[in-house]
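So you can see what is in the structure, the chains are spelled out below.
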Amino acid sequence: MTRSFTHQLCSGADVTVVYEFVDEDEDVGLNAEFEIEVFQDGLEVTNDISAKDTTQIESEVAYRWRKHCEDERKQNDYDRWESHSE
């Protein structure tokens, strides 16, 4: 699953962050491993951004992934409840 969002770098520039879930990976401090690419004006700048920006982007990706999983879990619970109440 590939998702994206706009992020403002410390420099004030807006970039597009594209991330894709790759695998479960507890070694990276997240419950999941992602491929993350950062684009500015159509050019990939993933390796050209600061460490602070990289950390902020990784934190945002982790937050969005947790939220996605939580929303999916809630929807599944609701669907199960719906199917049992029929």
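For the structure itself, look to the data block above.
The sections below set out a description of the structure shown in this document. (Residues numbered from 1 in each chain as written. Predicted model: local features only at pLDDT ≥ 70, side-chain atom pairs only at ≥ 80, totals over all residues. Heavy atoms only, no water.)

The secondary structure content of the chain amounts to one helix and four strands. Along the chain, from the amino end to the carboxyl end, the secondary structure elements read β-β-β-β-α. Residues counted as buried form 23% of the 86 residues belonging to the chain. Of the contacts made within the chain by residues no fewer than 6 positions apart, 32% connect residues no fewer than 24 positions apart. A total of about 6,300 Å² of accessible surface is found on the chain, and carbon and sulfur atoms cover 43% of it. (Helix = DSSP H or I, 4+ residues; strand = E, 2+ residues; numbered from the N terminus. Buried < 20%, exposed > 50% of the residue type's maximum accessible area, 1.4 Å probe, protein only. Contact = heavy atoms within 4.5 Å. Areas by Shrake-Rupley, 256 points an atom, 1.4 Å probe, with all protein chains shown as cover.)

This brings us to the side chain of Thr 46. Among the structural elements, Thr 46 can be located in the loop between strand S4 (43-44) and helix H1 (51-84). In this structure the side chain of Thr 46 is engaged in a polar contact, spanning 2.8 Å, whose partner is the backbone nitrogen of Val 38. Of the polar contacts made by the side chain of Thr 46, one reaches the side chain of Glu 44; its length is 3.0 Å. Setting aside residues up to four positions removed in sequence, Thr 46 forms contacts with Ile 36, Glu 37 and Val 38. (Polar contact = N/O pair within 3.5 Å; in protein donor to acceptor, adjacent residues only side chain to side chain.)

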